[in-house]
Structures are given as structure tokens and as C-alpha cells.
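Examination of the molecular architecture
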Amino acid sequence: MTAAVPAAPVQPRRTVTVAVVQAAAPLFDTPTALTRAEELIREAAGRGARVVVLPEAYLGGYPKGLDFGITVGSRTPAGRDLFRRYHAAAIDVPGPEVETLAAVTRELDCHAVVGAVERSGGTLYCVALFFGPDGYRGLHRKLMPTAGERYLWGQGDGSTLPVVDTGTARLGAAICWENYMPLLRTAMYAKGVDLWCAPTVDDREAWQSTMRHVALEGRCFVLSACQYLRRDALPADLHPVQGDAPDTVLIGGGSVIVSPLGDVLAGPLRDGEGILTAELDLDDLVRARFDFDPVGHYARPDVFTLHVDESPRPTVTGS
């Protein structure tokens, strides 16, 4: 009689529930934005999310449709004062807003990636803030602001390209059009990103193709959180180029969660605020990398190499 072959042990599924938040806070009202960010993280965690992503510039605001009085070779007094207001609405890192959100993720035992505008002296930076069960974990400064954003934000350097290990997966972030920078993507893939967080304000249909491409190229899950912003979230004395009707949509959303093989797991979310969630099977990361690993078995280091300078670049050094 043939002895029965013992069944292979069943391995437990490695899963994590994630959420992307589609929302915007009133411009130049950082206390309200902070309160709303805390509420949204709590709501997402209440739905089981252990990783929550909020959109680009959620704290500090994204002034869509405002020109700050700039023409080539000229700035206006009114535009300078508008920048003063924007500077006042930004946050310090570290600072009270950071500590508030750190306390929330400590309490909820979750991770969060929150878009913000950081104030450092006279310069503002668009940043992604990382939080976890042990509080504040660090930030990423946007390397290259896009077009008119360069009037408002400085450029980050290579010293703020963190990848945060949650114990089950590794989090990294690229903000909005940084996702179009192939060398940045390659550098982040080399850091072993599993959950690619993409805070953004890009609401175009083409953005969906970008997010699916990044997921498929990096063989990682992509969590893209976009703002949904209407005219009535701006102060009444401002006049965006899109018009002054209160229900005019300035940023139309499109938040989405994508698998490592480019399949859409949730979204895209349109026509309003909301929270998307998905349970991710982390073993899908290995399944996807079976036939493609952009910095591993599918790379050709004998032909292509990339040098990444991660040193800080302060303007003044020494005593």
C-alpha cells in the first residue's frame, strides 16, 4: 500500500489593507486642513486601512488657477502679498502639525503618507510626510516643481528619498510629475519599494496610464491620491482663471490603486471626495517580479548604470 504523501503546509496570506484619500482642504486655512486630515486618516483606519495616502499639498494647499501676479520679468505687489499668505499657511517640519499627525498614527497603529507644503526660511517645498506607529518617520521633498510651481516651491535634493519599512512592505513616494522622471523611478526601484505612493493634483485621464505604467514597470503596488478641489474652497477675494462659480471644479480627482501587474484594484474616483480602499496580497509582488525586475534580473548593469547623489546640499556649510 502506497503511503500517503503529506499535504504541503498552507502558507498564510500576507495582506495589507490600504487607502487613498481624495479630498482638499480650504486654501490658506491650515488649522481646518489639519483637522480634516486627522478625520480622514481616522476614517480610513476605521475601514481597516493600515496605510493611508493623502494628496499632494493637502496641508498648505495647492493654489490651482492663481498666477501670483507673475509675468516674465515682473512681479506685482499683490502677488507678493499672496505669496506671503501662502507662506503663512505652510507648515514647519518638525512642528505642531507634524506632531499632531504623528500622535494620530501612533494611536491608530497605522502608516500615513501626507502631502504638505513645508516652510524653511523664505523657501517653500512640496513634500510627502511619512508617519507610522512610532510617529513621524521623515519626508520627501519634491525634486522638480512643474511649470508655474517653480515660482512657489524650491527643489529638493537627493537627501530626502526615503523608503520606509512598515514591517510587511516598504513605502516610497514620488509627487505628481516626479512620476515622469525615469531616473528617479529607477533610483526608488533600487531601494525596494513595494507600495509606491503618488500624492498628486494631476486629474487628467492620461494620469491613469502613468500610474498603471509605474506599477507594471516597478512591479509594485501604486497608491495615487489626488485632490478634489472646487472654487468654494478658495477665499472669496481670489479669482482663479477657471472662473468664480462656487461649484467650479479646479481639480477633478482620479485617485486610484493599482496592482504590480498594472490592474486597477480601486478607482479611479471621480466627481467628488471619497476614500478608496483595497486589500493587497503582498505575495503578488513576488509573482509579478517572476518575469521582470527592473533593477534585478531584467537589468543590464554592464550597459547601463545610474549614479544617485543622496548627500544634502545646503547653501552654507561650516561654522
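Just above, that's the structure.
First, a word on what this report is: a plain description of the structure on this page. (Residues numbered from 1 in each chain as written. Predicted model: local features only at pLDDT ≥ 70, side-chain atom pairs only at ≥ 80, totals over all residues. Heavy atoms only, no water.)

A few words on the overall build of the protein chain. A count of helices and strands for the protein chain gives 6 helices and 15 strands. Along the three orthogonal principal directions, the C-alpha set of the protein chain runs to about 95 × 45 × 40 Å. Evaluated residue by residue, the protein chain yields a buried proportion of 52% over its 319 residues. For the protein chain, restricting intrachain contacts to residue pairs at least 6 apart in sequence, the fraction spanning at least 24 positions comes to 69%. Carbon together with sulfur atoms contributes 54% to the accessible area of the protein chain, which is approximately 14,800 Å² in total. Between the centroid of the 30 positive side chains of the protein chain and the centroid of its 39 negative side chains there is a distance of 3 Å. (Helix = DSSP H or I, 4+ residues; strand = E, 2+ residues; numbered from the N terminus. Buried < 20%, exposed > 50% of the residue type's maximum accessible area, 1.4 Å probe, protein only. Contact = heavy atoms within 4.5 Å. Areas by Shrake-Rupley, 256 points an atom, 1.4 Å probe, with all protein chains shown as cover. Lys, Arg positive; Asp, Glu negative; His and termini not counted. Charge placed at Lys NZ, Arg CZ, Asp CG, Glu CD.)

What follows deals with helix H1 (residues 30-46). In this model, H1 (17 residues) spans 24 Å end to end at C-alpha, consistent with the 24 Å of a helix rising 1.5 Å per residue. Buried residues of H1: Thr30, Ala33, Leu34, Ala37, Leu40, Ile41, Ala44 and Ala45, and no others. Projected down its long axis, H1 shows its buried positions confined to an angular sector of 130 degrees, all on one face. Exposed positions of H1 whose direction lies more than 90 degrees from the buried face are Pro31 and Gly46. At its buried positions, H1 is contacted by strand E1 (15-22), strand E2 (51-53), helix H2 (77-89), helix H3 (96-108), strand E5 (111-120) and strand E15 (274-281). Phi turns positive, to about 100 degrees, at Gly48, one or two residues after H1. (Expected span 1.5 Å × (residues − 1). Arc of directions from axis to C-beta.)

A few words on the pairing of E5. Consecutive side chains along a regular strand alternate between the two faces of the sheet. With 8 of 10 residues buried, E5 lies mostly within the body of the structure. Across 3 bridges, E2 lies against E5 in parallel orientation. Bridge pairing in E5 links Val53 to Val113. Inspection of the sheet shows E5 paired to strand E6 (residues 123-132) by 9 bridges, in the antiparallel sense. Considered in E6, the bridge of Ser120 is made with Thr123. Connecting the antiparallel pair E5 and E6 is a turn made up of 2 residues, with Gly121 showing a positive phi of about 65 degrees. (Pairing = 2+ DSSP bridges.)

Turning our eyes to something else, we now look at a nonpolar patch on the surface. On the surface, Leu183, Leu306 and Val308 cluster together into a nonpolar patch covering about 250 Å² of accessible area. Position of Leu183 among the secondary structure elements: in helix H4 (residues 182-190). Judged by relative accessible area, Leu183 falls into the exposed class, the value being 56%. (Patch = residues over 30% accessible without salt bridge, like charges linked within 9 Å, V, L, I, M, F, W, Y side chains within 5 Å. Salt bridge = Lys/Arg side-chain N within 4 Å of Asp/Glu carboxyl O.)

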